[in-house]
Protein chains: 2
Amino acid sequence: MIKIGEMSKRTGIPVTTIRYYEKVGLLPAPGRLESGYRLYNRAHLERINFLKNTRKLGFSQQRIKALVSLLENPNRTSEKVKISVQSQLEEIREKRLLIQNIENQLKQIIAKCDGGEKSECPILETFHEET
Amino acid sequence: MIKIGEMSKRTGIPVTTIRYYEKVGLLPAPGRLESGYRLYNRAHLERINFLKNTRKLGFSQQRIKALVSLLENPNRTSEKVKISVQSQLEEIREKRLLIQNIENQLKQIIAKCDGGEKSECPILETFHEET
DNA sequence: GTTTGACTCTATACCTACTGTAGAGTCTAG
DNA sequence: CTAGACTCTACAGTAGGTATAGAGTCAAAC
Ligand SMILES: [Zn+2]
Ligand SMILES: [Zn+2]
Ligand SMILES: [Zn+2]
Ligand SMILES: [Zn+2]
């Protein structure tokens, strides 16, 4: 049984964020000392690692909650988990395509400008076109 | 001279967003009718198109403000504009690399799961590893 | 001439996913 | 016993908007 500071050290997740995860329902409320200090167990540590890993992969809180309820459901199937992660992959892929599109547009816009000392700049012209 | 609803129609930017741009200093405060209604001119229309175009390219408000002050500075140079947009490109490129990295990790994780009816799932195991 | 409907105004709350701070209480080492 | 580290709650702030509520205004139809 560890206090929140120790949990923070072990997981690398800030104390404030751990409390926040409890508040938004991603982490079950732990027991408390008489003083009110939170006391976490092994299950909490595992859950925080789960949150840390899914967060790193860009999962939204909503999607993480869906995954967690699968995790907690003894009738879950490997298939359902896979489908959920595939949706995440699709979302990320679309984001990547969007950003790649922006990247290409920026490259094209930059190519139009010779970077001289004049105040006229084709980039600025592009930026106030009506679209 | 047009009212905010007409401006919204011409630019495709919602009325609330136009007011918001004024509030955060991206759009100069327009004149007003006696009733308090905002009245925009051609320069405002151009500015909103500028905001629309740069926003579409993922520029932050801070960066847009920097660009706008270049735009308003008669001593600006094409080079300075180019440098600013190049920084934006670099930022976007880094975001794209990050998201591409996530995408690849997700693909690898998904590949580990056969998607069967059992409750064990290598994806879930991956997600609560300590990292 | 008035009434209806569309439009506009301000102010405030909400969104995601946190982070930071104020002010008060608690624990532990010297 | 006290100093310093830790923890608590509650609230404000971040970016970049979106969405209400409640009040006032304008133009056209009746
Ligand atoms: Zn699986
Ligand atoms: Zn121009
Ligand atoms: Zn240029
Ligand atoms: Zn496990």
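Residues numbered from 1 in each chain as written. Chains lettered and ligands numbered in written order. Predicted model: local features only at pLDDT ≥ 70, side-chain atom pairs only at ≥ 80, totals over all residues. Heavy atoms only, no water.

Focus on the nonpolar core
- Counting 66 residues, the largest nonpolar core has A:Phe127 and B:Phe127 as its most contacted members.
- If sequence neighbours within four positions are ignored, A:Phe127 has contacts with A:Ile109, B:Asn49, B:Phe50, B:Asn53, B:Thr54, B:Leu57, B:Phe59, B:Leu67 and B:Val85. (Core = buried A, V, L, I, M, F, W, Y, C linked by side-chain atoms within 4.5 Å. Buried < 20%, exposed > 50% of the residue type's maximum accessible area, 1.4 Å probe, protein only. Contact = heavy atoms within 4.5 Å.)

Describing the coordination of the zinc ion (ligand 3)
- For the zinc ion (ligand 3), the full set of protein donor atoms is A:Cys113 (SG), A:Cys121 (SG) and B:Ser78 (OG), and the range of their distances to it is 2.1 Å. In this pair, A:Cys121 sits in the loop between helix 5 (78-111) and helix 6 (122-127) while B:Ser78 sits in helix 5 (residues 78-111), so the two residues belong to two different chains. The pair A:Cys121 / B:Ser78 is uniform in exposure class, with both members buried. (Donors = N, O, S within 2.8 Å, 3.2 Å for Na, K, Ca; no water. Helix = DSSP H or I, 4+ residues; strand = E, 2+ residues; numbered from the N terminus.)

Some thoughts on the layout of surface pockets
- As a volume, the largest pocket reaches approximately 210 Å³.
- Around the largest pocket, the lining comprises 13 residues; the ones closest to its centre are A:Gln105, A:Ile109, B:Asn53, B:Lys56 and B:Leu57. (1 Å grid on protein atoms, 1.4 Å probe; cavity = no way out; pocket = protein on both sides within 12 Å on 5 of 7 lines; lining within 4 Å. Points joined across faces, edges and corners; volume = space filled by probe spheres on them.)

What about the interface of chain A and chain B?
- In this complex, chain A contributes 56 residues to the contact, which on the side of chain B involves 56 residues.
- When chain A packs against chain B, close to 5000 Å² is buried across both sides, 65% of that on carbon and sulfur atoms.
- Area buried by chain A at its contact with chain B is led by A:Leu57, A:Ser78 and A:Phe127, which between them contribute 13% of it.
- Scanning the region where chain A abuts chain B turns up four salt bridges.
- Here A:Glu103 ties to B:Arg96 by a salt bridge, and the two come within 2.6 Å at their closest N and O atoms.
- At the junction of chain A and chain B, the tally comes to 22 residue pairs in polar contact (both at pLDDT 80 or more).
- For the side of chain A that touches chain B, the secondary structure elements donating two or more residues are helix 3 (42-56), helix 4 (61-72), helix 5 and helix 6 of chain A. (Buried area = accessible area lost by both parts, 1.4 Å probe. Salt bridge = Lys/Arg side-chain N within 4 Å of Asp/Glu carboxyl O. Polar contact = N/O pair within 3.5 Å; in protein donor to acceptor, adjacent residues only side chain to side chain.)

Quick word on the environment of B:Ile4
- Relative to the assigned elements, B:Ile4 resides in helix 1 (residues 4-11).
- Residue B:Ile4 is classed as buried on the basis of its relative accessible area of 15%.

A closer look at the domain arrangement of chain A
Residue and element names in this part refer to chain A.
- As far as domains go, chain A holds domain 1 (1-76) and domain 2 (82-131).
- Inter-centroid distance (C-alpha atoms) of domain 1 to domain 2 is 37 Å.
- Counting residues at the interface gives five residues for domain 1 and six residues for domain 2.
- Of the roughly 500 Å² buried between domain 1 and domain 2 on both sides combined, carbon and sulfur atoms contribute 47%.
- Summed over the three residues of domain 1 that lose the most area to domain 2, namely Phe59, Arg63 and Leu67, the buried surface amounts to 73% of that side.
- The tally of links between domain 1 and domain 2 comes to one salt bridge. (Domains from an automatic or database assignment.)

Considerations on the packing of aromatic side chains
- Summed over the entire model, instances satisfying the criterion amount to six aromatic pairs over all chains.
- Judged by centre distance (6.0 Å) and plane angle (45 degrees), the ring pair of A:Tyr20 and A:Tyr21 falls under tilted.
- The exposure class assigned to A:Tyr20 is partly exposed, which follows from its relative accessible area of 39%.
- Each ring, one from A:Phe127 and one from B:Phe50, has its centre 5.8 Å from the other, and the planes form 85 degrees; the classification is edge-to-face. On the criterion of chain membership, the pair formed by A:Phe127 in helix 6 and B:Phe50 in helix 3 (residues 42-56) is interchain, its members lying in two chains.
- Among the aromatic residues, those joined into a cluster by ring pairs are A:Phe50, A:Phe59 and B:Phe127. (Phe/Tyr/Trp six-rings, centres within 6.5 Å; stacked < 30°, edge-to-face > 60°.)

So, the protein's contact with DNA strand C
- Taken together, 17 residues lie around DNA strand C, and A:Thr17, A:Arg55, B:Gly5, B:Arg19 and B:Arg38 are the ones closest in.
- Within 4 Å of the protein, the contacting atoms of DNA strand C are drawn from sugar and phosphate to the extent of 80%.
- In this structure, A:Arg55 approaches DNA strand C through a side-chain N or O atom, which is 2.9 Å from a phosphate oxygen.
- Taking A:Gln61, its main chain carries an N or O atom lying 3.2 Å from a phosphate oxygen of DNA strand C.
- Counting only elements with at least two residues in the surface near DNA strand C, the list comes to helix 2 (15-23) of chain A together with helix 1 of chain B.
- Of all the elements, helix 2 of chain A adds the most residues to the surface near DNA strand C, at three residues.
- Taken together, the residues of the surface near DNA strand C sort by class into six nonpolar, six polar and five charged. (Near = heavy atom within 4 Å. Nonpolar A, V, L, I, M, F, W, Y, C, P; charged D, E, K, R; others polar.)

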